[in-house]
Amino acid sequence: MIVKVGGKHYRTVWMEGSSVFFIEQNLLPFEFRIEQSENFARSCHAIRTMQVRGAGAIGALAGFAMAQAFVEAETTGNPALILRARAEIESTRPTAGNLFFAVEKVYSAGQRSAGDAMAEAMAIADKDTEDCRKIGEYGDSLISDGFRIETHCNAGWLAFVDYGTALSPLYTAYGKGKRIFVYVDETRPRSQGARLTAWELHQEGIPHTIIPDSAGAWLMSQGKVDMMITGADRIASNGDTANKIGTFEKALAAKAIGIPFYIAAPLSTFDLKCPTGKDIPIEERSQEEVLYAEGPDESGTMRKIRLASPGSSAFNPAFDITPAELISGIITERGIVRATREDIIKVAR
Ligand code: MRU
C-alpha cells in the first residue's frame, strides 16, 4: 500500500460492517477528511457529487453501495429495494465502466446472500489495489531515467482504491531511483490535475509542475515531453478510450509531434460490450462547474466565485473518446497491449 497521509496509510474507500468510509475528494487539497456512508443512498450521493471520483474508486464504492442495498433489503424485509438501488447506482456516473462492472458482480453474488454481496464488493476493492500495483510494474518499463511525463486529470491513488493507474508507473519508477519530472494538466473545469494529481505528487516528493490545459501541444513541440500517460474511464473492445475531457486533443498533439501516448487501466475498465467508442455514453455535467470555481480565500474559508460573463451559459461534457489509432499502448495488470480488438480480446480472456 502506498497511500500515506500524515504518516498513516489509507485506502480511498473501504467497508467496515455495512458502513462505507471514504476520503472526501471535493475538499482536497485543502482539507483531508474521512466521511462515512451508512446506506446505499448516501453512497450514491458520494459518487454523484464526486466526493469519491476516479474510475476504480467509483467502481469500488458502487460495489459497496450495491452490497449495502442487499443488507438493507434483508434488514427491512424489502427485496424490491435491490433493483431500485441498482438503477440508482447505475445512474450516478454513466461513463464509468468500473461502476457497471462492480454493480453486476456484486448483484450476481447477492443472489446467494447479502454476506456474499459484501464479500464480493470487498474482493473487487482488493483486486483493484493489486491490479494497480501491477500496472505500476509494467508501466515502469516504459520510463527511462530523466523522463519528462505529461498526465491529464487524476488517475493516481485517489482515483482508485490505492496506487492508481497513470501515476502508478511514476511512483514505481521514482521509487526505483529514476529521475522523473511530471507536467500536470490542470484539467478544467474541476481541476483534478491541479488539485488532486499535484497534491499526490507533492505528498510523494515527485518533481512536477501544473500547466494550463492548453499548454500541452506547445510543450511537446518544444521537446519537453518524453511521454504522456493518462487513465481511462471506459475502453471499448476496439481500443477507443473514454477519459476526462481534453484527453483526445492531447493524444492528437502527441501523435502529430511523435510523442508516445499511453493509457493505463485495469481490465475492469474494459467494456467488451461496447464495440467502439461511439457506444460509450458521455456524461454531461452541470454548467456551474465551468462558470464558477471554488477554493479557500486567504482566511481559509471556502468560496465560490463566478469566472464567466454573467448571462452566458456553458456546455460541460465530462469525457471524450480518444480513437485507438492515437494510443501507443494500454498498460494493464496483465502487461502492455496494443489498442486493437485482437490484443484486447486476447488479454481480457
Ligand atoms: O470525472 P472524474 O474525475 O471521475 O474523471 C474520471 C477520471 O478520474 C479521469 O478521467 C481519469 O483520468 C480516469 S482514470 C481514474
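Conventions we followed
- Within any chain, residue numbers begin from 1 and follow the written order of that chain's sequence.
- Where local features are concerned, this predicted model is filtered to residues with pLDDT of at least 70; where side-chain atom pairs are given and counted, the filter is 80 or more; whole-chain, interface and lining totals use all residues.
- The side-chain quantities take in all heavy atoms of the structure and omit both hydrogens and water.
- Helix and strand labels come from DSSP, where a helix needs a run of H or I of at least four residues and a strand needs a run of E of at least two; each type is numbered from the N terminus.
- Per-residue accessibility, obtained with a 1.4 Å probe over protein chains only, is compared with the maximum for each type, and a residue is labelled buried under 20%, exposed over 50%, and partly exposed between these values.
- Whether two residues are in contact is decided by their heavy atoms: any pair within 4.5 Å suffices.
- Every accessible area reported is derived by Shrake-Rupley at a probe size of 1.4 Å, with residue values counting cover from the shown protein chains alone.
- Positive residues here are Lys and Arg, negative ones are Asp and Glu, while His and the chain termini are left out of the count.
- Charge placement uses NZ in Lys and CZ in Arg. For Asp and Glu, CG and CD serve respectively.
- Only strands that DSSP links by at least two bridges are regarded as paired with each other.
- Every axis corresponds to a line fitted to the C-alpha atoms, with the helix fit spanning only the stretch in contact, and the corresponding angles, defined between N-to-C directions, vary from 0 to 180 degrees.
- Buried residues of nine kinds, namely Ala, Val, Leu, Ile, Met, Phe, Trp, Tyr and Cys, make up a nonpolar core once their side-chain atoms join them within 4.5 Å.
- In summary, the pairing rule links any two rings of Phe, Tyr or Trp, Trp by its six-membered ring, whose centres are within 6.5 Å, and it sorts them by plane angle into stacked for under 30 degrees, edge-to-face for over 60 and tilted for everything else.
- Any Lys NZ or Arg CZ found within 6 Å of a ring centre and within 35 degrees of that ring's normal is scored as a charge over the ring.
- Here a residue counts as near a molecule or strand whenever at least one of its heavy atoms sits within 4 Å of it.
- Residues adjacent in sequence count toward polar contacts only when both atoms are side-chain atoms; beyond that, a polar contact is any pair of N or O atoms within 3.5 Å, and within protein one must be able to donate a hydrogen and the other to accept it.
- Residues are grouped as follows: Ala, Val, Leu, Ile, Met, Phe, Trp, Tyr, Cys and Pro are nonpolar; Asp, Glu, Lys and Arg are charged; all remaining types, including Gly, are polar.
- These domain boundaries are the output of an automatic or database domain assignment.
- The directions from the helix axis to the C-beta atoms are what the arc is built from.
- The term buried area means the drop in 1.4 Å probe accessible area that two parts suffer when joined, counted for both and summed.
- Here a salt bridge means any side-chain nitrogen of Lys or Arg lying within 4 Å of a carboxyl oxygen belonging to Asp or Glu.
- An expected span of 1.5 Å times one less than the residue number is assigned to each helix.
- By definition, a residue's bend is the angle between the axes fitted to the seven residues ending there and the seven starting there.

**Student:** Please clarify how the overall build of the protein should be interpreted in this entry.
**Tutor:** Of regular secondary structure, the protein possesses 11 helices and 18 strands. A principal-axis box enclosing the C-alpha atoms of the protein has dimensions of 65 × 55 × 45 Å. Scored against the burial criterion, the 349 residues of the protein give a buried share of 56%. At a minimum sequence separation of 6, the contacts of the protein that also span at least 24 residues come to 74%. When the accessible surface of the protein is totalled, it reaches about 14200 Å², and 53% of it is carbon and sulfur. Seen as two clouds, the 38 positive and the 44 negative side-chain charges of the protein have centres 2 Å apart.

**Student:** Honestly, the sheet that holds strand S16 (residues 319-322) in this entry has me stumped. Any pointers?
**Tutor:** Hydrogen bonding along the main chain pairs the strands of a sheet, whether they run parallel or antiparallel. Ordered by their spatial adjacency, 4 strands build an open sheet running S13-S10-S11-S16, and the pairing between neighbours is mixed. At either margin of the open sheet sits one strand with a lone partner, and together these are strand S13 (270-271) and S16. Pairing analysis gives 2 bridges linking strand S10 (residues 234-236) to strand S11 (residues 241-244), with the strands arranged antiparallel. Following the sheet pairing, Ile 235 is matched in S11 by Thr 241. Contacting S11 and S16, helix H9 (residues 247-257) crosses the sheet at an angle of about 30° to S16.

**Student:** For this particular structure, what's the right way to read the nonpolar core?
**Tutor:** If you look at soluble globular proteins, the nonpolar side chains tend to sit buried side by side. Core analysis: the biggest nonpolar cluster contains 38 residues, and Val 13, Leu 61, Phe 64 and Met 66 have the highest contact counts within it. Residue contributions to this core peak at 13 residues, all from helix H2 (residues 55-76). Each residue touching Met 66, except ones within four places of it in the same chain, is listed here: Ile 82, Arg 86, Ile 89, Val 103, Val 106 and Tyr 107. Among the nonpolar cores identified, the runner-up in size contains 28 residues, and Trp 157, Ala 173, Val 182 and Tyr 262 belong to it.

**Student:** Would you take a moment to explain the packing of aromatic side chains for this structure?
**Tutor:** For any pair of aromatic rings, geometry is given as the distance between the ring centres together with the angle between the planes. Evaluation of the coordinates by the stated rule reveals 6 aromatic pairs. On the numbers, 6.4 Å between centres and 25° between planes, the contact of Phe 32 with Trp 199 is stacked. Of this pair, Phe 32 sits in the loop between strand S4 (19-23) and strand S5 (34-37) while Trp 199 sits in helix H7 (residues 192-204), placing them 167 residues apart in sequence. The structure contains a cluster of three or more aromatic residues connected by ring pairs, namely Tyr 10, Phe 32, Trp 157 and Trp 199. When the ring centre of Tyr 10 is taken as reference, the NZ or CZ atom of Lys 8 above it lies at 4.8 Å. Note that Lys 244 overlies the ring of Phe 319, its terminal NZ or CZ placed 4.3 Å from the centroid.

**Student:** Whenever I open this one, the site of the ligand confuses me. Can you help?
**Tutor:** Lining the immediate surroundings of the ligand are 18 residues, of which Arg 53, Arg 93, Asp 233, Asn 243 and Lys 244 lie closest. With respect to the ligand, the backbone of Asn 154 contributes an N or O atom lying 3.2 Å from an oxygen atom. A distance of 2.8 Å separates an oxygen atom of the ligand from a polar side-chain atom of Gln 192. Isolated, the ligand exposes 390 Å² of accessible area, and the fraction of that covered by the protein chains is 100%. Elements that contribute at least two residues to the shell around the ligand include exactly H2 and S11. Its residues assigned to classes, the shell around the ligand comprises 9 nonpolar, 5 polar and 4 charged. Counting the residues that make up the shell around the ligand, at least three belong to each of domain 1 (4-132) and domain 2 (136-348).

**Student:** What is the right way to read H9 from this model?
**Tutor:** Helical geometry: 3.6 residues make up each α-helical turn, so side chains three or four residues apart lie on a common side. Restricting attention to buried positions, one finds in H9 the residues Thr 247, Lys 250, Ala 251, Ala 253 and Ala 254. Buried residues of H9, seen end-on, are gathered within an arc of 160° and therefore sit on one face of the element. Among the exposed residues of H9, those oriented more than 90 degrees off its buried face are Lys 255 and Ala 256. Immediately downstream of H9, the backbone of Gly 258 shows phi near 85°, a positive value.

**Student:** What is the right way to look at the domain arrangement of the protein in this model?
**Tutor:** Segmentation of the protein into domains returns domain 1 (4-132) and domain 2 (136-348). For domain 1 versus domain 2, the distance between C-alpha centres works out to 23 Å. With 38 residues of domain 1 in contact, the opposing surface of domain 2 contributes 37 residues. Note on domain 1 versus domain 2: buried area summed over both sides is about 3000 Å², and carbon and sulfur give 57% of it. Looking only at domain 1, the three residues that lose the most surface to domain 2 are Arg 53, Thr 95 and Cys 132, adding up to 22% of its buried area. Our count for the contact surface shared by domain 1 and domain 2 stands at 2 salt bridges.

**Student:** Would you mind going over H7 with me for this structure?
**Tutor:** Across its 13 residues, H7 extends 17 Å between first and last C-alpha, which sits within 8% of the 18 Å expected from 1.5 Å per residue. At Ala 198, H7 is deflected by roughly 25°, the largest bend along its length. Burial in H7 covers these residues: Gln 192, Gly 193, Arg 195, Leu 196, Thr 197, Ala 198, Trp 199, Glu 200 and Leu 201. Looking one or two residues past H7, Gly 205 carries a phi angle of roughly 75°, positive in sign.

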